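# Tertiary structure, described
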Amino acid sequence: MSAEEIESEIHFMKTYSIMKWDELIMLNDDRKSLNQKIALGLATKEELLKQIKVELNMLDTCQLKIDQEMKENDTEYINTEILTILSNRINDMYNSMFLLFPVEKTSLSEYIEFCSNNTLFITKCSNMLNTLMLRYHSDPEVYITAATYEFDDRNDVESARQYFTEGLKYHKNCKSLYVEEFWVEVQHLEKTAGGSLPIAMGKYRNLIKRFDGDIDFHFILLDRAIKLSAVRELQCNIVRDMVRKYRHSELMWQKLAKIHFDGFIYHRETEQLHYDKNYISGIRNCIKTYEDGLKENLPLKNKHKLWNFYIDHIIEIRKSYRMKKETIRNFMNETMERAFQEAHNNKALHKSDHYIYWAKNTNIDCHGVLRKGVEVIEDSVELWTALISYYLSHDSLEMGIEAFQAGVRTLASKSMPLWKILILYLGNTHPKLLQQLYHEGSHFPFPDINFVIRPEYLEWSVVHNGILSTRELFIELRDIQPECKQLYTTMISFELTQNSGITKLRTIRKLYNDVCNTFGQTDIGVWSDCIRFEYKYGSHKLVKEIYKASLLCLEPDLRNSMTKEFEKLKEEFLEEDPKDGGVIVIDDDE
């Protein structure tokens, strides 16, 4: 800075109390130090970015102070030279950074934003971009950022085109560069009311040729083109080429149906495109497009995919706000029934969600649809659940049990949701049948099922049959292999809730003894529960014996953890530890 600029800055800072004198001295020292490093080529990018941030904050602070002074003093006569001084310094620092280091999209975007907020630097920004874009940049987004700025903010399509050309010299296969270049031409085509159509068409033709056979890229170009309304001829060409080139692709038919749904109606006979704002026409043309596509000679796998696209789109439409009118609701209900039935007949309905949706929305035969579903997708828990729930909700128990048995045979170890549904239903209606179901479930040869049902059966028994019958049931369930830890813990909890005159200490000890012997090799928890029981209800003399037994029984890598657990238990029951070595609270056997 010149001496006059330095003096002007100091005067402004002091006059409006922006900075204290020592802070200003420190700031200028930092500036001098960084300038020296820049001159010697020793400055880092991080240092430059940090100082740029400081200067930007200073610029914002000064601008706020100027605005405040003008408002409070109702005057426009205030020296704003400080803004020019700071802005020039920031611009110079960006200049240095871009010349010294590789340009990144983020820093370039920040520089462009800075220039856009300072109208004096718009021209300087363009000059800087002209210089920068003649260099190689490893990130193609740099070229896109510069070109987009020139087109959007400066309305300079020629500079934008030049920057895209430079970028594509170095990044010949970068799709995003080609797409954004095309997007600029689409926007320019609208601005010129079609005047630049030859250029836009030329760009499009070159892209289609370069990425021949890339249907996804074709879709991207179409998506950009249909964003604007005044480029109909370009849109028509893109759709026409898509239909001609990809008519044997299910993806093309899906895309064509979607643009029809959005109101862009393409007539394959005349090969013309027009926009229809009547959403009912869009829905009807969308449906017709799917049905036309399904008549094409597509490979079976691809046709099945198109069926799924079609079904998903029907569901999407039926859930949308467009179903308000009765006429379109009736049309979509008829379409749904026809499409789902035909998809099923063509063995193309492979999702359980589709059958469930069909069943919930059909006016014909709900359980018939669900039966079709379980025949096609036998391993669907959701479909079997829906079928059984339907029968039970209509109090058709016989059919429900029949479906349950078929589902259990099919799903085997995955059938727990089916057991839960029937158990819940029978619990409220048929207790005798429920006991039979619990018995069957307890002996069902899959631990995923019987491990859940055995403890539940025990809980049901204690409520309905009492503790004596439940003790007998426990013995029966205990002998079923593999043994179930939850069964023991459930039975122990029942015994603990009995009156002291009935509950026998030896009975509970025997249960803990069995559970520790059975599961104690790998489970610290059963030993911890057993020790806690003796602390609370039994004999403290036995606690150490149980602890010693646990160390003998547990696998070696668990013994340290057991020792830590025992120390916690000793601390937990320290205050309750009786001096006489143990008092039995629960009556023992005589």
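Residues numbered from 1 in each chain as written. Predicted model: local features only at pLDDT ≥ 70, side-chain atom pairs only at ≥ 80, totals over all residues. Heavy atoms only, no water.

The next point concerns the overall build of the protein. Helices and strands together make up the secondary structure of the protein, namely 29 helices and two strands. A globule of 590 residues ought to have a C-alpha radius of gyration of about 25 Å, yet the protein, at 40 Å, is considerably larger. For the C-alpha atoms alone, the extent of the protein along its principal axes is close to 110 × 80 × 50 Å. Buried positions account for 47% of the 590 residues belonging to the protein. Relative to all contacts within the protein whose residues are 6 or more apart in sequence, the contacts with residues 24 or more apart total 61%. (Helix = DSSP H or I, 4+ residues; strand = E, 2+ residues; numbered from the N terminus. Rg over C-alpha atoms; globule rule 2.2 N^0.38 Å. Buried < 20%, exposed > 50% of the residue type's maximum accessible area, 1.4 Å probe, protein only. Contact = heavy atoms within 4.5 Å.)

Time to look at the environment of Ile 531. With respect to the helices, strands and loops of the structure, Ile 531 is situated in helix α27 (residues 524-536). Along the chain, Ile 531 and Glu 545 lie 14 residues apart, while their C-alpha atoms are 9.6 Å from each other. Excluding anything up to four places from it in sequence, Ile 531 contacts Val 543, Ile 546, Tyr 547, Met 562, Phe 566 and Leu 569.

Attention shifts here to helix α8 (residues 157-170). Taking 1.5 Å of rise per residue, the 14 residues of α8 would be expected to cover 20 Å, and the 21 Å separating its terminal C-alpha atoms lies within 8% of that figure. Of the surrounding secondary structure, the elements contacted by the buried residues of α8 are α6 (122-132), α7 (140-152), α9 (175-191) and α10 (197-210). Measuring from the side-chain oxygen of the N-cap residue of α8 to the backbone nitrogen of Glu 158 gives 3.3 Å; that N-cap residue is Asp 156. (Expected span 1.5 Å × (residues − 1). Polar contact = N/O pair within 3.5 Å; in protein donor to acceptor, adjacent residues only side chain to side chain.)

What follows deals with the environment of Ala 348. With respect to the helices, strands and loops of the structure, Ala 348 is situated in the loop between α16 (326-345) and α17 (352-361). Put simply, Ala 348 and Ser 393 are 45 residues apart on the chain and 29 Å apart in space, counted from C-alpha to C-alpha.

Okay, the nonpolar core next. With 189 residues, the main nonpolar core has Leu 108, Leu 234 and Trp 419 as its most contacted residues. Not counting the four nearest positions on each side in its chain, Leu 108 is found in contact with Phe 98, Val 103, Leu 129, Leu 132, Met 133, Val 142, Thr 145 and Ala 146. (Core = buried A, V, L, I, M, F, W, Y, C linked by side-chain atoms within 4.5 Å.)

For helix α28 (residues 541-553), the set of buried residues is Val 543, Ile 546, Tyr 547 and Ser 550. Along the long axis of α28, the arc covered by the buried residues comes to 100 degrees, so they all point the same way. Facing away from the buried side of α28, by more than 90 degrees, are the exposed residues Lys 541, Lys 544 and Leu 552. (Arc of directions from axis to C-beta.)

Right, let's talk about the side chain of Gln 235 for a bit. With respect to the secondary-structure elements, Gln 235 resides in helix α12 (residues 232-245). A distance of 2.5 Å separates a polar atom in the side chain of Gln 235 from a polar atom in the side chain of Arg 232. Contact partners of Gln 235, with chain neighbours within four places excluded, come to Ala 225, Ile 226, Leu 228, Phe 264 and Leu 273.

Atomic detail in the predicted coordinates should be set aside for any region of low pLDDT. This prediction gives the protein a mean pLDDT of 91; 96% of its residues lie at or above 70. In this model residues 577-590 is a low-confidence stretch, pLDDT under 50, and it forms 29 contacts with partners more than four residues away in sequence or in other chains. (pLDDT = per-residue confidence, 0-100.)

All told, the structure shown has 29 aromatic pairs when counted by the stated rule. Judged by centre distance (4.4 Å) and plane angle (40 degrees), the ring pair of Phe 211 and Phe 217 falls under tilted. The pair formed by Phe 211 and Phe 217 is uniform in burial state, with each residue classed as buried. Centroid distance Tyr 512 to Phe 533: 5.3 Å. Interplanar angle 35 degrees. Geometry classified as tilted. Highlighted residues: Tyr 512 in helix α26 (residues 505-519) and Phe 533 in helix α27, separated in sequence by 21 residues. Residues Tyr 512 and Phe 533 agree in their burial class; the two are buried. Each residue in the set Tyr 94, Phe 98, Tyr 111 and Phe 114 is aromatic and connected to the rest through ring pairs, giving one cluster. Its end group placed over the ring of Trp 183, Lys 227 keeps NZ or CZ at 5.3 Å from the ring centre. (Phe/Tyr/Trp six-rings, centres within 6.5 Å; stacked < 30°, edge-to-face > 60°. Lys NZ or Arg CZ within 6 Å of the ring centre and 35° of its normal.)

What follows covers the pattern of salt bridges. Applying the stated criterion across every chain, the model contains 32 salt bridges. The salt bridge partner of Lys 288 is Asp 292, with a shortest N-O separation of 2.9 Å. Of the two residues, Lys 288 and Asp 292 are both situated in helix α14 (residues 279-295); the distance of four residues between them amounts to about one turn of the helix. In this structure Lys 288 comes out as partly exposed when scored by relative accessible area, which is 46%. Lys 570 serves as the salt-bridge partner of Glu 567, at 3.3 Å between the closest nitrogen and oxygen. (Salt bridge = Lys/Arg side-chain N within 4 Å of Asp/Glu carboxyl O.)

This part is about the packing of helix α18 (residues 366-376) against helix α19 (residues 381-393). Packing of α18 against α19 leaves a shortest axis separation of 9 Å and a crossing angle of 150 degrees. When the axis of α18 is compared with that of α19, the two are roughly antiparallel. In the crossing of α18 with α19, the sense of the turn from one axis to the other is left-handed. Of the residues in α19, those in contact with Cys 366, His 367, Leu 370, Arg 371, Gly 373 and Val 374 of α18 are Leu 383, Trp 384, Ala 386, Leu 387, Tyr 390 and Tyr 391. (Axes fitted to C-alpha atoms, helices over the stretch in contact; angles between N-to-C directions. Parallel < 35°, antiparallel > 145°, perpendicular 65-115°, else oblique. Left-handed = near helix turned anticlockwise from the far one by under 90°.)

Time to look at the pairing of strand β2 (residues 272-275). Bridge count between strand β1 (residues 264-267) and β2: four bridges; the pairing is antiparallel. Paired with Ile 265 across the strands is His 274, a residue of β2. A loop of four residues connects β1 with β2, the two strands running antiparallel in sequence, and Glu 271 in this loop sits at a positive phi of about 55 degrees. (Pairing = 2+ DSSP bridges.)

All right, on to the side chain of Ser 550 then. Within the secondary structure, Ser 550 sits in helix α28. Judged by its relative accessible area of 0%, Ser 550 is buried. Discounting chain neighbours no more than four positions away, the residues touching Ser 550 are Trp 527 and Met 562.

Moving on, we come to unusual backbone geometry. The amide bond that connects Gln 481 to the next residue, Pro 482, takes the cis arrangement and shows omega of -5 degrees. Secondary-structure assignment places Pro 482 in the loop between α24 (466-478) and α25 (485-496). Positive phi, close to 55 degrees, is recorded for Ala 193, a residue that is not glycine. Turning to its location among the elements, Ala 193 is positioned in the loop between α9 and α10. Overall, the relative accessible area of 68% leaves Ala 193 in the exposed class. Although it is not a glycine, Asp 395 sits at a positive phi angle of roughly 55 degrees. In this fold, Asp 395 is placed in the loop between α19 and α20 (397-411). The exposed category is assigned to Asp 395, whose relative accessible area is 58%.

Turning our eyes to something else, we now look at the packing of helix α23 (residues 447-464) against α24. Direction vectors running N to C along α23 and α24 enclose 160 degrees, while the axes themselves pass 7 Å from each other. Comparing their axes, α24 and α23 come out roughly antiparallel. The way α23 lies across α24 gives a crossing that is right-handed. Listed contacts from α24 to Arg 454, Tyr 457, Leu 458, Ser 461, Val 462 and His 464 of α23 are Gly 466, Ile 467, Ser 469, Thr 470, Leu 473, Phe 474 and Leu 477.

Another aspect to go through is the state of the cysteines. Following the criterion strictly, the structure yields zero disulfides and no others. Not engaged in a disulfide, the cysteine Cys 530 finds its nearest cysteine sulfur in Cys 516; these two sulfurs lie 4.4 Å apart. (Disulfide = S-S within 2.5 Å.)

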